[in-house]
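Residues per chain, in single letters:
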Amino acid sequence: MKHLTWSILNLTILFCFFYLIIGFIIKGKRVFKPTFKVFSICILVIGIIQILSASNSEKNTNIIKITEDYDNKNNTEFKKVILEDNLTLDIEMLVKYSINNIEYVPIESHSSLTGFVSGYVWEFESIYTESYIKGQKATYTANGVLKWNLFGFTIYNESKTISGIMN
């Protein structure tokens, strides 16, 4: 429920920003009501700064190489794991395995947020998993940071360490 509330707060601020931009273009300074003038101008200035700085931000791919030395001729297989299941958003992880006879060797891993993710950024930092033999299960430990953003600014960093078993 807290994730839904945070996302709705982010969307509300975004809609206020667009209302102020369009209103300023159409009505001019009259769009700023005297009681909310300072709040409205702050939202407008922060929004414009975020639009200008968005092009300079680097994108995190959340891909981690586990093994560099593997035979490219082997078949590969992906295993999907839901690291965290919330009401509105999930943290998912894919692990790519190289199949060497009956042994599954982890090559790389990718993690992402899915669902209603307004106001959140997931930074996948590390994964620990081992090779396993077909028919067995593999254990994993994944680390990352869930960033809570408000209008593009990070307000809170939530560190997460998630362990489990892949089927």
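All values reported here derive from a predicted model rather than from experimental measurement. (Residues numbered from 1 in each chain as written. Predicted model: local features only at pLDDT ≥ 70, side-chain atom pairs only at ≥ 80, totals over all residues. Heavy atoms only, no water.)

Draft legend 1. Just the overall build of the protein, in detail. Helix and strand counts for the protein stand at two helices and eight strands. In sequence order, the protein lays out its α and β elements as α-α-β-β-β-β-β-β-β-β. Each principal axis of the C-alpha distribution contributes one length, and for the protein these read about 70 × 30 × 20 Å. Burial status across the protein gives 38% buried among its 167 residues. (Helix = DSSP H or I, 4+ residues; strand = E, 2+ residues; numbered from the N terminus. Buried < 20%, exposed > 50% of the residue type's maximum accessible area, 1.4 Å probe, protein only.)

Draft legend 2. Fine view of the packing of aromatic side chains. Within this structure, the stated rule accounts for eight aromatic pairs. Their ring planes at 85 degrees and their centres at 5.3 Å tell us that Y97 and Y132 sit as a pair that is edge-to-face. Taken together, the residues span a long stretch of sequence, with Y97 in strand β3 (residues 89-100) and Y132 in strand β6 (residues 132-133) at a distance of 35 residues. Given a relative accessible area of 0%, Y97 falls into the buried group. Taken together through their ring pairs, the aromatic side chains of W6, Y120, W148 and Y156 make up a single cluster. (Phe/Tyr/Trp six-rings, centres within 6.5 Å; stacked < 30°, edge-to-face > 60°.)

Draft legend 3. Summary view of the pairing of strand β7 (residues 138-150). Examined bridge by bridge, strand β5 (residues 120-129) and β7 share nine bridges and lie antiparallel to one another. The partner of E123 across the bridge, within β7, is V145. Linkage of β7 to strand β8 (residues 153-166), two consecutive antiparallel strands, is achieved through a turn of two residues, within which F151 is found at a positive phi near 60 degrees. (Pairing = 2+ DSSP bridges.)

Draft legend 4. A look at helix α1 (residues 2-27). The end-to-end C-alpha distance of α1, which contains 26 residues, comes to 36 Å, matching closely the 38 Å that a straight helix rising 1.5 Å per residue would cover. Taken together, the buried positions of α1 are occupied by H3, W6, S7, N10, I13, F17, L20 and G23. Where α1 terminates, the next one or two residues include G28, which has phi positive at roughly 80 degrees. (Expected span 1.5 Å × (residues − 1).)

Draft legend 5. Looking closely at a nonpolar patch on the surface. Judged by side-chain polarity, I41, V45, I46, I49, F153, I155 and Y156 come together as a nonpolar surface patch covering roughly 620 Å² of accessible area. Listed by contribution, the elements that provide at least two residues to the nonpolar patch are α2 (37-54) and β8. Per-element tally for the nonpolar patch: the top contributor is α2, with four residues. Relative to the helices and strands, I41 is located in helix α2. Relative accessible area serves as the criterion here: at 35%, I41 is assigned to the partly exposed category. (Patch = residues over 30% accessible without salt bridge, like charges linked within 9 Å, V, L, I, M, F, W, Y side chains within 5 Å. Areas by Shrake-Rupley, 256 points an atom, 1.4 Å probe, with all protein chains shown as cover. Salt bridge = Lys/Arg side-chain N within 4 Å of Asp/Glu carboxyl O.)

Draft legend 6. Looking closely at the environment of L4. Considering the arrangement of structural elements, one finds L4 in helix α1. Apart from residues lying up to four places away in sequence, L4 is in contact with T88 and F116. (Contact = heavy atoms within 4.5 Å.)

Draft legend 7. Main features of the sheet that holds β8. Here three strands make up an open sheet; going across it, the order is β5-β7-β8 and the pairing antiparallel. The open sheet terminates on both sides in strands that have one partner only, identified here as β5 and β8. On average, each strand axis in the sheet is tilted by 15 degrees relative to the strand beside it, whichever way the strands run. The pairing of β7 with β8 spans 13 bridges and is classified as antiparallel. (Axes fitted to C-alpha atoms, helices over the stretch in contact; angles between N-to-C directions.)

Draft legend 8. Quick look at the pattern of salt bridges. One pass over the structure, following the stated rule, counts six salt bridges. The shortest N-O distance in the salt bridge between E84 and K160 comes to 2.8 Å. Taken as a pair, E84 in strand β2 (residues 75-85) and K160 in strand β8 lie far apart in primary sequence, 76 residues in all. Under the relative-accessibility criterion, K160 is labelled buried at 10%.

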